[in-house]
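Tertiary structure, described
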Amino acid sequence: MKEAIAKRRAERGLAAPDEAEPQIPEASKPVSLEISIASKGETWELPWMCFNGACFSANAATPDGSGKAERLDIFYVQREVIIFGKNLLVLRKAVNAMMLSEIRETPNTYSDAAWDDSQPMIISITIKLREKRWFFTSLSS
């Protein structure tokens, strides 16, 4: 029986139970994401229960138009968080798992040359109010 289950899992591209990623208990997951925007003196607290999804772009134009950077959009019911920076795939994975408790802009005192490339560097964060979109369907044919 174990062999049959392992064979089915392998056919579906699933990891064996002992190779699977460890499950994180719900109690240890953060309830919200705190976003600090030092350049504006703002701190936002966005609850994970209102999280709708995320979108990553590896080659987006920077907000000031001076070049290219990675972009990570985090969507909540009423807000959209737009992050520009480097190595944002690390953040995207943590966002998708709803495991982040805090995001903040990288201070201007850090230079690109001195930054550890294994860590995300956040150039800018913008939080926008999302437009309300209402979808209606017709029940008549």
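Note that the structure is a prediction, hence the values are computed from the model and not measured.

**Thoughts on the environment of G85**
Structurally, G85 can be placed in strand β5 (residues 79–86). Judged by relative accessible area, which is 1%, G85 ranks as buried. In this structure, G85 is in contact with A69, E70, M121, I122 and I123, ignoring residues within four places of it in sequence.

**Some details on the pairing of β5**
In terms of burial, β5 is a largely internal element, six of the eight residues being buried. Sheet topology note: the strand β4 (residues 68–76)/β5 ladder contains six bridges and is antiparallel. By the bridge assignment for β5, L72 is matched with I83. Where β5 meets strand β7 (residues 121–129), eight bridges bridge the pair, whose relative direction is antiparallel. Residue pairing in the sheet places I83 in a bridge with I125 of β7.

**Describing the pairing of strand β2 (residues 42–47)**
Across six bridges, strand β1 (residues 32–37) lies against β2 in antiparallel orientation. Note on β2: the bridge partner recorded for S32 is P47. Where β1 folds back onto β2 in an antiparallel hairpin, the turn is made up of four residues, including G41, whose phi is positive at roughly 70°.

**Quick notes on the sheet that holds strand β3 (residues 51–61)**
The four strands lie next to each other as β3-β4-β5-β7, forming an open sheet whose pairing is antiparallel. The two strands at the open ends of the sheet, each matched to only one other strand, are β3 and β7. On average, each strand axis in the sheet is tilted by 15° relative to the strand beside it, whichever way the strands run. In this fold helix α2 (residues 89–96) packs onto β3, β4 and β7, with an angle of close to 170° to the strand it touches most, β3.

**Observations concerning the confidence of the model for the protein chain**
Atomic detail in the predicted coordinates should be set aside for any region of low pLDDT. Taken as a whole, the protein chain shows an average pLDDT of 81; of its residues, 75% reach a score of 70 or greater. Of all the helices and strands in the protein chain, helix α1 (residues 2–11) carries the lowest mean pLDDT, 72, while β2 carries the highest, 95.

**Digging into the nonpolar core**
If you look at the biggest cluster of nonpolar residues, it comprises 20 residues, and the most contacted ones within it are I74, V81, I83 and I125. Of all elements in the fold, only β1, β4, β5, α2 and β7 reach the threshold of two or more residues within this core. Among all residues touching I125, those that are not within four sequence positions of it are I35, S36, I37, V81, I82, I83, I103, R104 and E105.

**A short note on α2**
For α2, the full list of buried residues reads L91, A94 and V95. In a view along the axis of α2, the buried residues occupy a sector of 100°, so they form one face of it. Considering only its buried residues, α2 is in contact with β3, β4 and β7. Following α2 by one or two positions, M98 adopts a phi angle in the positive range, close to 55°.

**Observations regarding the pattern of salt bridges**
Side-chain pairs of opposite charge can arise where the charged atoms are in close proximity. One pass over the structure, following the stated rule, counts two salt bridges. For the salt bridge of R71 with D73, the shortest nitrogen-to-oxygen distance reads 2.6 Å. Among the residues examined, R71 registers a relative accessible area of 26% and is labelled partly exposed.

**Regarding the packing of aromatic side chains**
Taken as a whole and judged by the stated rule, the model has three aromatic pairs. An angle of 35° between the planes, with centres 6.1 Å apart, marks the rings of W48 and Y76 as tilted. Of this pair, W48 sits in the loop between β2 and β3 while Y76 sits in strand β4, placing them 28 residues apart in sequence. Given the relative accessible area of 2%, Y76 is considered buried. Pairwise contacts between aromatic rings join W48, F51 and Y76 into one cluster.

The rules behind the values
Residues numbered from 1 in each chain as written. Predicted model: local features only at pLDDT ≥ 70, side-chain atom pairs only at ≥ 80, totals over all residues. Heavy atoms only, no water. Helix = DSSP H or I, 4+ residues; strand = E, 2+ residues; numbered from the N terminus. Buried < 20%, exposed > 50% of the residue type's maximum accessible area, 1.4 Å probe, protein only. Contact = heavy atoms within 4.5 Å. Pairing = 2+ DSSP bridges. Axes fitted to C-alpha atoms, helices over the stretch in contact; angles between N-to-C directions. pLDDT = per-residue confidence, 0-100. Core = buried A, V, L, I, M, F, W, Y, C linked by side-chain atoms within 4.5 Å. Arc of directions from axis to C-beta. Salt bridge = Lys/Arg side-chain N within 4 Å of Asp/Glu carboxyl O. Phe/Tyr/Trp six-rings, centres within 6.5 Å; stacked < 30°, edge-to-face > 60°.

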